[in-house]
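Tertiary structure, described
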Amino acid sequence: MTTSTYTVIGMACGHCADAVTEELERVPGVTAVRVDVEAGQVTVTSDQELHLAHVRAAVEEAGYELTVPPS
């Protein structure tokens, strides 16, 4: 199992959390999604390493923006 936390810009309510959760749950390998609207973060648990592009696409499909800290 792999757990990763991402920062998402634009979430403001429970509906936002539901939309992000629904899209992320469609990503192959995702087993759990936990959204913290106040912190602007989403934690994704998966049974394999996820490609950042797939996570970003799911968040964008929900109407929000995934940010990644500089490496």
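All of the points below concern the structure found in this document. (Residues numbered from 1 in each chain as written. Predicted model: local features only at pLDDT ≥ 70, side-chain atom pairs only at ≥ 80, totals over all residues. Heavy atoms only, no water.)

Turning to the overall build of the protein, a few remarks are in order. A count of helices and strands for the protein gives two helices and four strands. Scanning the protein from its N terminus toward the C terminus, one meets helices and strands in the order β-α-β-β-α-β. Computed over the C-alpha atoms, the radius of gyration of the protein is 11 Å, within 12% of the 11 Å expected from 2.2 N^0.38 for a compact globule of 71 residues. By its C-alpha atoms, the protein is 30 × 25 × 20 Å across when sized along the principal axes. Restricting to contacts in the protein with at least 6 residues of sequence separation, those with at least 24 account for 58%. (Helix = DSSP H or I, 4+ residues; strand = E, 2+ residues; numbered from the N terminus. Rg over C-alpha atoms; globule rule 2.2 N^0.38 Å. Contact = heavy atoms within 4.5 Å.)

Strand order in this open sheet of four strands is β2-β3-β1-β4, and the pairing throughout is antiparallel. Both outer strands of the open sheet, β2 (30–36) and β4 (65–67), are each paired with one neighbouring strand and no more. Each strand axis lies, on average, 35° off the axis of its neighbour in the sheet, ignoring direction. The pairing of strand β1 (residues 2–9) with strand β3 (residues 41–46) spans six bridges and is classified as antiparallel. (Pairing = 2+ DSSP bridges. Axes fitted to C-alpha atoms, helices over the stretch in contact; angles between N-to-C directions.)

The next point concerns empty space enclosed by the protein. Vacant regions in the atomic arrangement are exposed by a probe of water-molecule size rolled over the atoms. What the rule picks out here adds up to one cavity of 30 Å³ or more. Estimated volume of the largest cavity: approximately 40 Å³. Every residue lining the largest cavity is listed: Thr 2, Ser 4, Tyr 6, Val 44, Ser 46, Glu 49 and Leu 50. When residues of the lining of the largest cavity are traced back to their parent elements, those giving at least two are β1 and β3. With three residues, β1 is the largest single contributor of residues to the lining of the largest cavity. A breakdown of the residues in the lining of the largest cavity according to their chemical character gives three nonpolar, three polar and one charged. (1 Å grid on protein atoms, 1.4 Å probe; cavity = no way out; pocket = protein on both sides within 12 Å on 5 of 7 lines; lining within 4 Å. Points joined across faces, edges and corners; volume = space filled by probe spheres on them. Nonpolar A, V, L, I, M, F, W, Y, C, P; charged D, E, K, R; others polar.)

So, about helix α1 (residues 14–25). End to end, α1 covers 16 Å across twelve residues, agreeing with the expected 16 Å (1.5 Å per residue, within 8%). The complete set of buried residues in α1 reads Cys 16, Ala 17, Ala 19, Val 20, Thr 21, Glu 23 and Leu 24. Next to the buried residues of α1 lie β2, β3 and α2 (52–61). (Expected span 1.5 Å × (residues − 1). Buried < 20%, exposed > 50% of the residue type's maximum accessible area, 1.4 Å probe, protein only.)

Looking now at the pairing of β3. Along β3, five of the six residues are buried, which leaves the element largely enclosed by surrounding structure. Note: β2 against β3, six bridges, orientation antiparallel. Its bridge partner lying in β3, Val 35 is registered against Val 42. Where β2 hands over to β3, the hairpin turn is made up of four residues, of which Gly 40 adopts a positive phi near 70°.

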